[in-house]
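# Architecture and fold: a report
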Amino acid sequence: MRLKKTPSEINPYLLDKVEAGLLRELDVEIAYNVEMDEFWSFVGNKKNRRWTWYAIDRSSGLVVAWQNGKRDNETCKKLLDKMKCFPINRYFTDDWASYSSLLPADKHVISKAYTWKIERLNLTFRTHLKRLCRKTICFSKSEQVHDKLIGIYIEKNLYQRTP
């Protein structure tokens, strides 16, 4: 099966550092405070876990960037590399070791009190995408299809919101 659509893993609708630099000339300061988290699903069987790591802007709830892979430092680093183009002021996460080892300590806040919005979004993912439910007979058979399905959902529903 060949999928034609390749979703973007970085939100093209948010301002990047270059655009934020141009706005500084107008005395407008742009910086994002992001919540980061990960959730698991599986491909083929429950032993083959697939983790989706992502970050959202705290004020708008929009997804900044996302990455699928394992629950390890390598996948977390890939997500952080995608987010380098954005001016990020603070990172709010849970106490997973990858965040503590890779995020700058002066910008990193570990607290469940500041990650409630992204934890709620994890539930929305599981509600909207049946194959992400833990107890289901609907599951992905291919990592490529699984990753693209999540990407298309994020791109369509969580990159921008219209009033």
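Computed from a predicted structure; not experimentally measured.

Scoring rules and cut-offs
The written sequence of each chain sets the order in which its residues are numbered from 1. Given that the model is predicted, a residue must reach a pLDDT of at least 70 before its local features are reported, and side-chain atom pairs must reach 80 or more before they are shown or counted; all residues, however, enter totals for whole chains, interfaces and linings. Only hydrogens and water are set aside when side-chain values are computed; all heavy atoms of the structure are taken into account. Partly exposed describes any residue whose relative accessible area lies between the buried limit of under 20% and the exposed limit of over 50%, with all areas from a 1.4 Å probe on protein chains only and scaled to the type maximum. Helix and strand definitions follow DSSP, with helices as H or I runs of at least four residues and strands as E runs of at least two, each counted in order from the N terminus. When DSSP locates at least two bridges between a pair of strands, those strands are taken to pair. Definition of nonpolar core: a set of buried residues of the types Ala, Val, Leu, Ile, Met, Phe, Trp, Tyr and Cys, connected through side-chain atoms within 4.5 Å. Whether two residues touch is decided by their heavy atoms; if any such pair falls within 4.5 Å, the residues are in contact. Note on geometry: axes are lines fitted to C-alpha atoms, helical ones only across the stretch in contact, with angles between N-to-C directions running from 0 to 180 degrees.

### Side note on the pairing of strand β3 (residues 63-69)
- Most of β3 is tucked away: seven of the seven residues are buried.
- As judged from the six bridges shared by strand β2 (residues 49-57) and β3, these two strands associate in the antiparallel manner. Within β3, the position partnered with Trp53 by the bridge is Gln67.

### Some remarks on the nonpolar core
- Ranked by size, the top nonpolar core spans 23 residues in total, and within it Tyr32, Val34, Met36, Val64, Met83, Ile88 and Tyr91 carry the most contacts.
- Elements with a contribution of two residues or more to this core: β1 (32-42), β2, β3, α2 (73-82) and β4 (88-93).
- Per element, the largest residue contribution to this core is five residues, and it comes from β1.
- Contacts of Val64, omitting those with residues within four sequence positions, involve Ile10, Asn11, Leu14, Val34, Ala55, Ile56, Asp57, Met83 and Phe86.
- Counting residues in each nonpolar core, the second largest holds 15 residues, with Phe39, Trp66, Leu132 and Tyr159 among its members.

### Considerations on the environment of Val34
- Among the structural elements, Val34 can be located in strand β1.
- Under the relative-accessibility criterion, Val34 is labelled buried at 0%.
- Separated by 81 residues in sequence, Val34 and Thr115 place their C-alpha atoms 9.2 Å apart.

### Thoughts on the side chain of Thr52
- Of note, Thr52 is situated in strand β2.
- Those residues in contact with Thr52 that sit more than four places away from it in its chain are Asp37, Glu38, Phe39, Gln67, Asn68 and Ile150.

### Here we look at the sheet that holds β2
- The five strands are arranged β3-β2-β1-β4-β5 in an open sheet whose pairing can be described as mixed. Looking along the sheet, the strands with just one partner apiece sit at the ends: β3 and β5 (108-110). Going from strand to strand, the sheet's axes swing by 20° on average, the running direction of each strand aside.
- Lying over the sheet, helix α4 (residues 116-128) contacts β1, β2 and β3, oriented at roughly 35° with respect to β1.
- Seen against the sheet, helix α5 (residues 143-157) touches β1, β2 and β3 and runs at an angle of roughly 170° to β3.

Note that every value here comes from positions in space, so none of it alone points to a role or purpose.
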